[in-house]
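# Chains, contacts and geometry: an overview
Read off the chains here:
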Amino acid sequence: MESLALESSLVKKEFAPELVTRAELFLGEQATSLSEETLLAIYAEVEAYTKKEPDEERVGDCTVSYDKYKKTFLINGTQATFGQLVASRHLGVSLGYSKELLSSGEGKRFAKILTQREREDYLDGVLNKALAEKLSVDTRKQDLLKSKAYEAIAERSMEKSAQAGVFAESVIIGVVETITLDRPDLGVSVIPANAYQDVEEKIDFIIETREKRRGVGTVTEEVAQEARSIGVQFTINTKKAEHKAEQIAKAKERGAQVDDIVYVAIDSKILMGAVAAWEKAGKPVSGPWQFLSRETRIATLKGIFGGILTPEQEQSLLKTIAA
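Given the structure is predicted, the values throughout are model-derived calculations rather than measurements. (Residues numbered from 1 in each chain as written. Predicted model: local features only at pLDDT ≥ 70, side-chain atom pairs only at ≥ 80, totals over all residues. Heavy atoms only, no water.)

## Here's the deal with the overall build of the protein chain
Put simply, the rule is: In this text, helices come from DSSP runs of H or I with a minimum length of four residues, and strands from runs of E with a minimum of two, each type numbered from the N-terminal end. Each residue is assigned to one of three classes by its accessible area relative to the maximum for its type, calculated with a 1.4 Å probe on protein chains only: buried under 20%, partly exposed between the two thresholds, exposed over 50%. Using the Shrake-Rupley algorithm and a 1.4 Å probe, accessible areas are obtained, with residue cover drawn only from the displayed protein chains.
The number of helices and strands found in the protein chain is 12 helices and 8 strands. Among the 323 residues that make up the protein chain, the fraction classed as buried is 45%. Accessible area for the protein chain stands at about 17,500 Å²; split by element, carbon and sulfur atoms hold 51% of it.

## Brief notes about the packing of helix H3 (residues 36–49) against helix H5 (residues 105–139)
Definition in use: Throughout, an axis means a line fitted to C-alpha atoms (over the contacting stretch in the case of helices), and angles, computed between N-to-C directions, take values from 0 to 180 degrees. Roughly parallel covers angles under 35 degrees, roughly antiparallel covers those over 145, roughly perpendicular covers 65 to 115, and oblique covers all other angles. Handedness of a crossing is defined here by the sense of rotation of the near helix relative to the far one, left-handed for an anticlockwise turn of less than a right angle and right-handed for a clockwise turn. Here, residues are in contact when the closest pair of their heavy atoms is within 4.5 Å. Note that Gly is not counted as nonpolar here; it falls among the polar residues with everything else outside the nonpolar set of Ala, Val, Leu, Ile, Met, Phe, Trp, Tyr, Cys and Pro and the charged set of Asp, Glu, Lys and Arg.
Direction vectors running N to C along H3 and H5 enclose 150°, while the axes themselves pass 10 Å from each other. Here H3 is positioned roughly antiparallel relative to H5, judged by the angle of their axes. Crossing of H3 against H5: the hand is right-handed. Facing H3, whose interface residues are Thr 38, Leu 39, Ile 42, Glu 45, Val 46, Glu 47 and Tyr 49, H5 presents Arg 119, Tyr 122, Leu 123, Val 126, Leu 127 and Ala 130. In terms of residue class, the contact of H3 with H5 is built from 9 nonpolar, 1 polar and 3 charged.

## Some points on helix H2 (residues 17–27)
Residues separated by three or four positions in an α-helix point in the same direction, a consequence of the helix having 3.6 residues per turn. Heads up, the rule is: What the arc describes is the spread of directions from the helix axis to the C-beta atoms.
All of the buried residues along H2 are Leu 19, Val 20, Arg 22, Ala 23, Phe 26 and Leu 27. Considered in projection along H2, the buried side chains sweep an arc of 165° and stay on one side of the axis. The exposed residues of H2 that point more than 90 degrees off its buried face are Pro 17 and Thr 21. With its phi angle positive at about 55°, Gly 28 sits one or two positions after the end of H2.

## Considering the pattern of salt bridges
Convention followed: The working definition used for a salt bridge is a side-chain nitrogen of Lys or Arg within 4 Å of a carboxyl oxygen of Asp or Glu.
Overall, the coordinates contain 15 salt bridges when judged by the stated rule. Here Arg 119 and Glu 18 are joined by a salt bridge, their closest N and O atoms 3.3 Å apart. Within this pair, whereas Arg 119 is found in helix H5, its partner Glu 18 is found in helix H2, the two being separated by 101 residues in sequence. Here Arg 119 falls in the buried class, since its relative accessible area comes to 18%. Among the residues examined, Glu 18 registers a relative accessible area of 47% and is labelled partly exposed. The residue Glu 133 makes a salt bridge to Lys 129 at a minimum N-O spacing of 3.4 Å. Remark: Lys 129 and Glu 133 occur in helix H5; sequence separation between them is 4 residues, near one turn of the helix. Connected via shared salt-bridge partners are Arg 22, Arg 89, Arg 117, Glu 120, Asp 121, Asp 124 and Glu 177.

## Thoughts on the confidence of the model for the protein chain
For the record, the criterion: Confidence scores per residue from the predictor, reported as pLDDT, run from 0 to 100.
Across the protein chain, pLDDT averages 86, with 88% of residues at or above 70. Across the protein chain, helix H4 (residues 82–87) holds the top mean pLDDT of 97, while helix H1 (residues 4–12) sits lowest at 47. In this model residues 212–225 is a low-confidence stretch, pLDDT under 50, and it forms 12 contacts with partners more than four residues away in sequence or in other chains.

Rendered as structure tokens:
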């Protein structure tokens, strides 16, 4: 999506191209809500804050290593997948590794992706705070409740909230990100929703994918690819299912910025029970997800991916992830 503000920023000062690309992706149609001056300041802040290089060793509560012979990652000696390790930051897990990890190609890739995702997290947070503050002011006279909603988002944008609903959302985003990293063959990616999408479209995070379409005509015709995006509203308050469905319907009528919006819920008692079991087990990087029943995991994955994966892909995913 083109944004004059973002393009103009690059003319005045050179920032890492990936910062601008990510900002465009995260802000979407709200890119013009932030001034050029604000965007320049945000880029400078993010570059200064995330100056750590992926080829430097780091200290953390848990140590990641790589077994070159078995071709597996280990965290404190326990096997974990590439995706689980990178996504564990959503659970507040602090990862560390030594120079030895960086001696392998997979170890270098892990450090690079982890550093990149941490930088994106920080950029998303700063952008969302600025956007929410701006929208809170813009809507104050017309809709005080909406303005308060934006204000609340701005207050929590740069912090890890202990609120059950917010943590539950982090758990599920972590699960989806794990899948996107461990199953690149599915061709999906996940990004958190921005403040506008949260308040106006009732979206918590967005899954993007590219679907292959068969060309019409000769068998030699090239296969085209169409990008699709699905907004996911996730909740642990199952008592409000009907109300949530009405909110989504209204958002679709107004014209959402995604191709579709789906509603996914896990009862709070069930999820909190899994969180308690996860904590008792020492908070493994697999997260509370592994402590949910198979039925709950299958229903959740079907709800999230049902509209964007082929039946064959969905079957493969359920077999490997929900087993």
